[in-house]
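Per-entry structural report
Here are the chains, one letter per residue:
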Amino acid sequence: MRTKTFSSRSLLAVVSVLVGFCSVLAVRAAFVDEYKSGINWVEPKVIDPGPVGGPPSDAIVLFDGKDLSQWQGGDKWPIQDGYATSKGGGITTKAGFGDCQLHVEWAAPEEVKGSGQGRGNSGVYLMGKYEVQILDSYDNTTYFDGQAGSLYKQYPPLVNACRKPGEWQAYDIIFSAPRFDEEKKLTKPGYVTVLHNGVVVQNHSELKGGTFYDRAPAYEPHPPRQPIHIQDHGNPVKFRNIWLRELKDAEISPGK
Ligand code: MG
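Quick caveat, the model's predicted, so the values are computed rather than measured. (Residues numbered from 1 in each chain as written. Predicted model: local features only at pLDDT ≥ 70, side-chain atom pairs only at ≥ 80, totals over all residues. Heavy atoms only, no water.)

1. Quick word on the overall build of the protein
Broken down by element type, the protein carries one helix and 15 strands. The buried share of the protein, taken over its 256 residues, is 39%. Sequence-distant contacts, at least 24 apart, represent 62% of the contacts inside the protein between residues at least 6 apart. As presented, the protein carries roughly 15,200 Å² of accessible surface, and 56% of it is formed by carbon and sulfur atoms. (Helix = DSSP H or I, 4+ residues; strand = E, 2+ residues; numbered from the N terminus. Buried < 20%, exposed > 50% of the residue type's maximum accessible area, 1.4 Å probe, protein only. Contact = heavy atoms within 4.5 Å. Areas by Shrake-Rupley, 256 points an atom, 1.4 Å probe, with all protein chains shown as cover.)

The following block contains the structure:
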């Protein structure tokens with residue numbers, strides 16, 4: 001009986017403290033002003049995110065599995081069963097792009113041939129100059145800043161998230177294009193974030209310039225919008241579901 005009496009009193013004390021605490025919060029809420037930035041943001045546009053893997057409703061579909069008419073050189077790549085296979089040279093978008101979100105699905109050849117850089121090699125060249133490497137890096141060693149998900153010869157991927165040869169994989173690339181002034185001087189470097197199969201492998205990595213095989217990275221001035229290129233490195237890599245969203249900063253309303 002003694003224990004029961006003690007427990008009831010303890011419970012009463014706890015409830016009293018809680019009620020007091022909530023009262024203090026209520027009083028604070030009544031007298032503290034909510035912070036507001038004062039920036040008159042434009043309302044974000046409503047879009048349909050689409051199915052998993054996209055495309056979202058505001059995307060530019062660059063390849064829907066049927067034709068490569070938006071690409072120069074696309075006529076050389078055979079298309080069947082909803083995918084295209086690299087062959088006879090790379091393909092380049094007819095349109096140019098700057099800051100963007102780019103989704104590309106690819107699959108290295110199921111039949112394993114070659115090793116190192118000679119196995120399932122392709123690549124996504126942002127602005128035709130900055131390569132996000134495509135390679136069959138499943139149980140295939142090469143230099144780390146040349147494996148799948150690397151910014152070629154600049155940064156290795158944070159982890160190796162490669163699926164097995166023949167399996168479909170996805171790159172989701174967020175690209176901030178470099179800026180040059182009127183004197184063609186670099187004013188802001190490019191930045192690249194890459195998710196490989198949903199895993200972050202490049203986290204806002206700063207580009208040191210164009211990605212080259214035979215020389216150090218270096219910037220060469222170029223216009224703000226440039227075509228995207230997909231490499232043919234002599235290995236039949238499959239592609240499907242390629243789409244892009246052009247990115248711009250959140251807008252501030254010009255008037256109140
Ligand atoms: Mg490559």
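2. Considering the coordination of the magnesium ion
Around the magnesium ion, the protein contributes the donor atoms N121 (OD1), S122 (O), E131 (OE), Q133 (OE1) and Q231 (OE1), at 2.2 to 2.4 Å from the metal centre. Donor residues for the magnesium ion, ordered by position in the chain, follow N-S-x8-E-x1-Q-x97-Q. Pair noted here: S122 is in strand β7 (residues 122-126) and Q133 is in strand β8 (residues 130-134), with a separation of eleven residues, a long-range link. Here the two residues S122 and Q133 agree in accessibility, since each one is buried. (Donors = N, O, S within 2.8 Å, 3.2 Å for Na, K, Ca; no water.)

3. A short note on the sheet that holds strand β5 (residues 91-93)
With antiparallel pairing, five strands are arranged side by side in an open sheet as β2-β5-β14-β7-β8. Strands at the two margins of the open sheet, each flanked by one partner only, are β2 (71-72) and β8. (Pairing = 2+ DSSP bridges.)

4. Looking at the nonpolar core
Counting residues in each nonpolar core, the largest one holds 37 residues, and the members touching the most others are L102, I173 and F175. It is strand β6 (residues 100-107) that provides the largest number of residues to this core, a total of four residues. Not counting residues up to four positions away in its chain, the partners in contact with I173 are C100, Q101, L102, V124, L126, V132, V192, T193 and V194. (Core = buried A, V, L, I, M, F, W, Y, C linked by side-chain atoms within 4.5 Å.)

5. Comments concerning the pattern of salt bridges
For the structure shown, the criterion picks out seven salt bridges. The salt bridge involving E105 is made with R240; its shortest N-O contact spans 2.8 Å. Pair noted here: E105 is in strand β6 and R240 is in strand β15 (residues 238-246), with a separation of 135 residues, a long-range link. The exposure class assigned to E105 is buried, which follows from its relative accessible area of 10%. Residue K248 is joined to E251 by a salt bridge in which the shortest nitrogen-to-oxygen separation is 3.8 Å. The exposure class of K248 is exposed, given its relative accessible area of 68%. Note on E251: relative accessible area 43%, which makes it partly exposed. (Salt bridge = Lys/Arg side-chain N within 4 Å of Asp/Glu carboxyl O.)

6. Considering a nonpolar patch on the surface
A surface patch of nonpolar side chains, amounting to about 310 Å² of accessible area, comprises L158, V159, V199 and V200. Relative to the elements of secondary structure, V159 occurs in the loop between β8 and β9 (169-176). Judged by relative accessible area, which is 40%, V159 ranks as partly exposed. (Patch = residues over 30% accessible without salt bridge, like charges linked within 9 Å, V, L, I, M, F, W, Y side chains within 5 Å.)

7. Re the packing of aromatic side chains
Counted according to the given criterion, the structure contains seven aromatic pairs. An aromatic cluster is present here, built from Y130, F175, F180 and Y219 joined pairwise through their rings. When the ring centre of Y143 is taken as origin, the NZ or CZ atom of K153, which lies over that ring, is 4.8 Å away. (Phe/Tyr/Trp six-rings, centres within 6.5 Å; stacked < 30°, edge-to-face > 60°. Lys NZ or Arg CZ within 6 Å of the ring centre and 35° of its normal.)

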